[in-house]
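Structural overview
Each chain is listed here by its residues.
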Amino acid sequence: MGIIRKLFFPVMILTLIVVPVFKNISAEKDSAFLDGKELLVVDNGFEFKIRAIGNGSEEILRNSGIVVGEKDIVFPAKPKEGQKIIILRAMPLSLNIFGKSEEIFTSKKTVKEVLEEAGFKVSKGVFINYSLGEEVSPGMKIKIWKKKIVNPITEKKPKIEIKKEVKLNTVKQKPKAAPKIQKTGETQTGSASWYSYIPGNYCASLTFPRGTKLLVTNLLNGRSVIVVVNDRGPFNGRVIDLERNAFSKIASLSAGTARVKVERVK
């Protein structure tokens with residue numbers, strides 16, 4: 001028994017040192033084993049494949065040309081073979097609660113989830129300018145206010161003035177024609193995807209330089225939007241990557257992609 005007691009403490013100390021080191025070596029091997037292999041990325045619900053180059057999710061995404069914002073959530077930190085890299089995009093929103101405004105970033109999907117994240121509980125007598133189930137989008141302004149209670153005794157009723165109708169000879173003006181879009185003849189046809197970065201009518205393109213104006217038309221429903229190139233991409237075989245706001249003007253965000261024609265305009 002005396003020998004066992006003497007050996008117990010040295011064995012425990014050795015275990016505490018060796019096990020963490022073994023885990024770190026194992027994790028490094030898992031990350032290195034992914035190098036050069038295909039990996040699935042789920043970016044705000046949109047799934048695609050990339051070639052894993054680097055150690056850790058953020059480095060792998062950066063090497064694939066995928067921009068991750070400071071407020072975005074990426075997990076896991078170091079993916080293993082068979083795992084997906086999940087990106088939850090943080091969208092800029094304006095939250096006005098009883099007159100107090102605040103600019104926030106959130107990865108929540110609905111107005112209800114945003115309010116819960118902000119610690120606000122909806123109660124009776126409170127009004128919101130969106131339904132709780134409304135899907136949030138970049139730049140959305142959520143306003144909350146209370147209904148003003150009117151005291152029938154102290155509140156003065158406004159005087160009602162009856163005005164006589166006066167008919168005037170009015171000349172109907174012709175509606176102004178929409179300005180014509182001058183196209184340069186440079187076109188592309190293919191798939192468009194969407195991303196969430198800087199809210200607005202922007203896009204990423206590998207063909208056209210930054211600052212170029214493009215007319216993007218959904219070939220399925222005929223809807224179109226004019227965007228400005230402010231980023232490079234996409235790197236997944238598609239012809240253009242539209243910012244979330246721009247994509248929603250020509251197709252449903254839930255569709256993920258759309259068949260489009262891209263035309264350069266002056």
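Whatever comes next refers back to the structure up there.
The following refers to the structure shown. (Residues numbered from 1 in each chain as written. Predicted model: local features only at pLDDT ≥ 70, side-chain atom pairs only at ≥ 80, totals over all residues. Heavy atoms only, no water.)

Some words on the side chain of threonine 217
To keep things clear, this is the line we draw: Going along the chain from the N terminus, every DSSP run of H or I of four or more residues is numbered as a helix, and every run of E of two or more is numbered as a strand. Burial status follows relative accessibility: with a 1.4 Å probe on protein chains alone, a residue under 20% of its type maximum counts as buried, one over 50% as exposed, and anything between as partly exposed. By definition in these notes, contact holds between two residues if any of their heavy atoms fall within 4.5 Å.
Turning to its location among the elements, threonine 217 is positioned in strand β11 (residues 213-218). Judged by its relative accessible area of 15%, threonine 217 falls in the buried class. Every residue in contact with threonine 217, bar those within four places of it in the chain, is listed here: Gly222, Arg223, Ser224, Arg259, Val260, Lys261 and Glu263.

Structural notes on the environment of valine 68
Considering the arrangement of structural elements, one finds valine 68 in the loop between α2 (57-63) and β3 (73-75). Valine 68 sits in the partly exposed class, given a relative accessible area of 28%. Spatially, the C-alpha atom of valine 68 lies 9.6 Å from that of alanine 90, the residues being 22 residues apart in sequence.

A word on the pairing of strand β1 (residues 38-43)
To keep things clear, this is the line we draw: By this definition, two strands are paired if DSSP reports at least two bridges between them.
Across 6 bridges, the pairing between β1 and strand β2 (residues 46-51) is antiparallel. Bridge pairing links glutamate 38 to arginine 51 in β2. Across 4 bridges, β1 lies against strand β4 (residues 84-88) in parallel orientation. When the sheet's bridge partners are listed, valine 42 is paired in β4 with isoleucine 86.

Some remarks on the nonpolar core
Note the cut-off: Joining through side-chain atoms within 4.5 Å is the link that ties buried Ala, Val, Leu, Ile, Met, Phe, Trp, Tyr and Cys residues into a set, and such a set is a nonpolar core.
Ranked by internal contacts, the top residues of the largest apolar core, which has 20 residues, are Leu214, Val216, Val227, Ile240, Leu242, Val260 and Val262. Elements with a minimum of two residues in this core: β9 (183-195), β11, β12 (224-231), β13 (240-243), α4 (244-248) and β14 (257-265). If sequence neighbours within four positions are ignored, leucine 214 has contacts with Cys203, Phe208, Val225, Ile226, Val227, Val229, Ile240, Val262, Glu263, Arg264 and Val265. Residues Met91, Ile104, Val111 and Leu115 belong to the second largest nonpolar core, which totals 14 residues.

Here's the deal with the sheet that holds strand β6 (residues 100-106)
The test is simple: Angular values range over 0 to 180 degrees, each being the angle between N-to-C directions of two axes fitted as lines to C-alpha atoms, with helices fitted over their stretch in contact.
Taking strand neighbours across the sheet as the criterion, the 4 strands line up as β6-β5-β8-β7 in an open arrangement whose pairing is mixed. The two strands at the open ends of the sheet, each matched to only one other strand, are β6 and β7 (126-128). Each adjacent strand pair in this sheet contributes to an overall mean axis angle of 20°, direction not counted. Across 7 bridges, strand β5 (residues 91-97) lies against β6 in antiparallel orientation. Following the sheet pairing, leucine 95 is matched in β6 by glutamate 102.

Some thoughts on the layout of surface pockets
Rules: Here a cavity is any set of points on a 1 Å grid over the protein atoms alone where a 1.4 Å probe fits but cannot get out, and a pocket is any open set with protein on both sides within 12 Å along at least 5 of 7 lines; a residue lines the site when it has an atom within 4 Å of a point. Grid points are joined across faces, edges and corners, and a volume is the space filled by probe spheres set on the points. The nonpolar class holds Ala, Val, Leu, Ile, Met, Phe, Trp, Tyr, Cys and Pro. Asp, Glu, Lys and Arg form the charged class, and all remaining residues, Gly among them, are polar.
If you add up the space inside the largest pocket, you get close to 390 Å³. Along the walls of the largest pocket sit 25 residues, with Asp43, Phe48, Gly65, Ile66 and Asp241 positioned nearest its centre. Every element with two or more residues in the lining of the largest pocket is listed here: β2 and β9. Of all the elements, β2 adds the most residues to the lining of the largest pocket, at 5 residues. Its residues assigned to classes, the lining of the largest pocket comprises 11 nonpolar, 7 polar and 7 charged. Estimated volume of the second largest pocket: approximately 190 Å³. Lining the second largest pocket we find 15 residues, and of these Asn44, Lys109, Glu135, Trp194 and Leu253 sit closest to its centre. Of the residues belonging to the lining of the second largest pocket, the class tally is 5 nonpolar, 5 polar and 5 charged.

Digging into unusual backbone geometry
The omega angle of the peptide bond from phenylalanine 75 to proline 76 is 0°, so this bond is cis rather than trans. Turning to its location among the elements, proline 76 is positioned in the loop between β3 and β4. The step from glycine 233 to proline 234 runs through a cis peptide bond, and the omega angle for that step is -10°. Within the secondary structure, proline 234 is located in the loop between β12 and β13. Although it is not a glycine, phenylalanine 98 sits at a positive phi angle of roughly 55°. Inspection of the secondary structure puts phenylalanine 98 in the loop between β5 and β6.

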